[in-house]
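Here's the letter readout for the chains.
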Amino acid sequence: MSETFDVVILGGGSGGYATALRAAQLGLSVALIEKDKLGGTCLHRGCIPTKALLHAGEVADQTRDAAHIGIKAELIQIDMAGVNSYKDGVVAGLYKGLQGLIKSAKVTYIEGKGTLVAPNAVEVNGQRVTGRNIVLATGSYSKSLPGLELDGERVIASEHALTLDRVPTSAIVLGGGVIGVEFASAWKSLGADVTIVEALPRLVAAEDPDISKQLERTFRKRGIGFKVGKPFEKVEKTDSGVKVTIAGGETLEAELLLVAVGRGPATADCGFEAQGVTMERGFVITDERLRTNLPNVYAVGDIVPGLQLAHRGFAQGIFVAETIAGQNPAPIVESGIPRVTYTDPEIASVGITEAQAKEKFGADAIETYNYNLGGNGKSKILGTQGFVKLVRQKDGPVVGIHMIGARIGEQVGEASLIVNWEAFPAEVAALIHAHPTQNEALGEAHLALAGKPLHAHN
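Given the structure is predicted, the values throughout are model-derived calculations rather than measurements.

Trainee: I'd love a proper account of empty space enclosed by the protein, names of residues and values included.
Mentor: Scanning the model with the defined rule gives two cavities of 30 Å³ or more in all. Considered as a void within the structure, the largest cavity measures approximately 40 Å³ in volume. Contributing to the lining of the largest cavity are Ser-142, Ser-158, Ile-179, Val-259, Ala-260, Val-261, Gly-262 and Arg-263. A breakdown of the residues in the lining of the largest cavity according to their chemical character gives four nonpolar, three polar and one charged.

In structure tokens form, the structure reads like this:
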């Protein structure tokens, strides 16, 4: 390919395609290279299909519990073929729309495995694609543990779980982070017997400890088993499934084992190290402007150390495109990126935890407030338990918001504005929050922290 592009992007996931679309908007010539499907893991094997599965589980739970609100309904069966058809339909619609966007933006889209062969060139399908700027966006893969091999049948990763033609009768989920608790929640709703095994002392250990306590309390009520502080030792195949041994010699048996111990950077055999890109444990090291050590070579998304979130990669892609176009955008603040875990109940957070705030500002320099959703009318209607926790600097702005409850992820947008715009509690308290909504809970929490609680005790 003789043409030299302004931007050549290796990887068409959230970070890569966002870079392509924004760069094209800004008048740059763009080549986008993807070995699989446009949209990457998030669209095809991650965020979107997982949330569709969780929604199917939510409908199943609502059907079982309908009599509680006076609706006579009966859950006859889970038609997994129908669930998969619904899930795949959601993905297909979004995929078609994304393909249309890339085509209309006049981005040169190239299917094939790309390899970085020079600081300004990627080789794909035997052709050399040259760019004045290169953006590395190759994404991530499902990790396992040393000696723990995935067979795709009894010992599986999340991508295998999304293509199952049945609901497992029982499952052991290895890992109590976001992926693990989401699948545990979905499978329980669909009728499976689930146990989570987590080496760390609590579930969702990256969240504020109060969030972990509430999630564990609710999971117990839902009948989701979990073993925390119990590292995995080994797995054996049995006639009926798997037998897992954890620390202390305790054994658990189930139909299958889902390995959900995180995701690793998909950078092997991409030519990065051979071209001198600075790497660490497979990750590409960048500065705050997402520049690698090579001139005009950038990296975005899951291959850059930090939160592995689709919307982080998306924002980084926009940032890099604007940087290349000479717009000098403000660097992304990692702690200001909103985070949502789509379990039942949902978890949403932005900013820093209470422990992180104490470490940063000093234990005497912060204040916290927990507003219980028991005082929120819409949450009462939904029958959910949980809270909104605020962390602020004394006489200063709110630096962290941590929420748990049914559908609470929809409230993370305002939470993100509050933290990123460094709002004071009194400023948020002055805003009117519609009644009856869960959004009111944010307003009530800030009223309380501003010293004028209404539906709460100070």
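Trainee: Could you give an account of the packing of helix 6 (residues 178-190) against helix 7 (residues 209-222), with specific residues and numbers?
Mentor: The interhelical angle for the contact between helix 6 and helix 7, taken along N-to-C directions, is 25°, at an axis separation of 11 Å. As the angle between them shows, helix 6 and helix 7 are arranged roughly parallel. Crossing of helix 6 against helix 7: the hand is left-handed. Within the contact between the two elements, helix 6 uses Val-181, Ser-185, Lys-188 and Ser-189 and helix 7 uses Leu-215, Phe-219 and Arg-222. Classifying every residue of the contact of helix 6 with helix 7 gives three nonpolar, two polar and two charged.

Trainee: Please give an account of the UniProt feature "domain: Pyridine nucleotide-disulphide oxidoreductase dimerisation" (unreviewed entry) in the protein chain that cites residues and values.
Mentor: This chain's UniProt record puts "domain: Pyridine nucleotide-disulphide oxidoreductase dimerisation" (unreviewed entry) on residues 337-445. Secondary structure across residues 337-445 comprises 32% helix and 28% strand; the distance between its end C-alpha atoms is 21 Å.

Trainee: Describe the pairing of strand 14 (residues 251-254), and please don't skip the residues or the numbers.
Mentor: Side chains of strand 14 alternate between two faces, with Leu-252 and Ala-254 buried and Thr-251 and Glu-253 left unburied. Across four bridges, strand 13 (residues 242-246) lies against strand 14 in antiparallel orientation. What sits directly across from Val-242, in strand 14, is Ala-254. Hairpin connection from strand 13 to strand 14: four residues lie between these consecutive antiparallel strands, with Gly-248 at a positive phi of about 95°.

Trainee: I'd like a rundown of the packing of helix 1 (residues 14-25) against helix 4 (residues 80-104), residues and numbers included.
Mentor: A pair of packed helices can be characterised by two numbers: the angle between their axes and the separation between those axes. In contact at an axis separation of 9 Å, helix 1 and helix 4 are set at 35° when each is read in the N-to-C sense. Between helix 1 and helix 4 lies a crossing of left-handed hand. Mapping the contact onto sequence places Tyr-17, Ala-20 and Leu-21 in helix 1 and Leu-98, Leu-101 and Ile-102 in helix 4. Residue composition of the contact of helix 1 with helix 4, by class: six nonpolar, no polar and no charged.

Trainee: Which residues make up unusual backbone geometry, and what values do they have?
Mentor: The phi torsion of most residues other than glycine is negative, and most of the peptide bonds are trans. Between Asp-344 and the following residue, Pro-345, the backbone shows a cis peptide bond with an omega angle of 10°. Assignment of secondary structure puts Pro-345 in the loop between strand 20 (339-341) and strand 21 (346-351). Following His-435, the chain continues to Pro-436 via a peptide bond in cis, the omega torsion being -5°. Here Pro-436 is to be found in the loop between helix 12 (425-429) and helix 13 (439-449). In this structure, Lys-106 takes a positive phi of about 60° despite not being glycine. By relative accessible area, Lys-106 is classed as exposed at 72%. Even without being a glycine, Asp-269 presents a positive backbone phi close to 60°. Secondary-structure assignment places Asp-269 in the loop between strand 16 (263-265) and strand 17 (279-280). Owing to a relative accessible area of 66%, Asp-269 belongs among the exposed residues under this scheme.

Scoring rules and cut-offs
Residues numbered from 1 in each chain as written. Predicted model: local features only at pLDDT ≥ 70, side-chain atom pairs only at ≥ 80, totals over all residues. Heavy atoms only, no water. 1 Å grid on protein atoms, 1.4 Å probe; cavity = no way out; pocket = protein on both sides within 12 Å on 5 of 7 lines; lining within 4 Å. Points joined across faces, edges and corners; volume = space filled by probe spheres on them. Nonpolar A, V, L, I, M, F, W, Y, C, P; charged D, E, K, R; others polar. Axes fitted to C-alpha atoms, helices over the stretch in contact; angles between N-to-C directions. Helix = DSSP H or I, 4+ residues; strand = E, 2+ residues; numbered from the N terminus. Parallel < 35°, antiparallel > 145°, perpendicular 65-115°, else oblique. Left-handed = near helix turned anticlockwise from the far one by under 90°. Contact = heavy atoms within 4.5 Å. UniProt positions renumbered as here; feature names shortened; annotations may be inferred. Buried < 20%, exposed > 50% of the residue type's maximum accessible area, 1.4 Å probe, protein only. Pairing = 2+ DSSP bridges.

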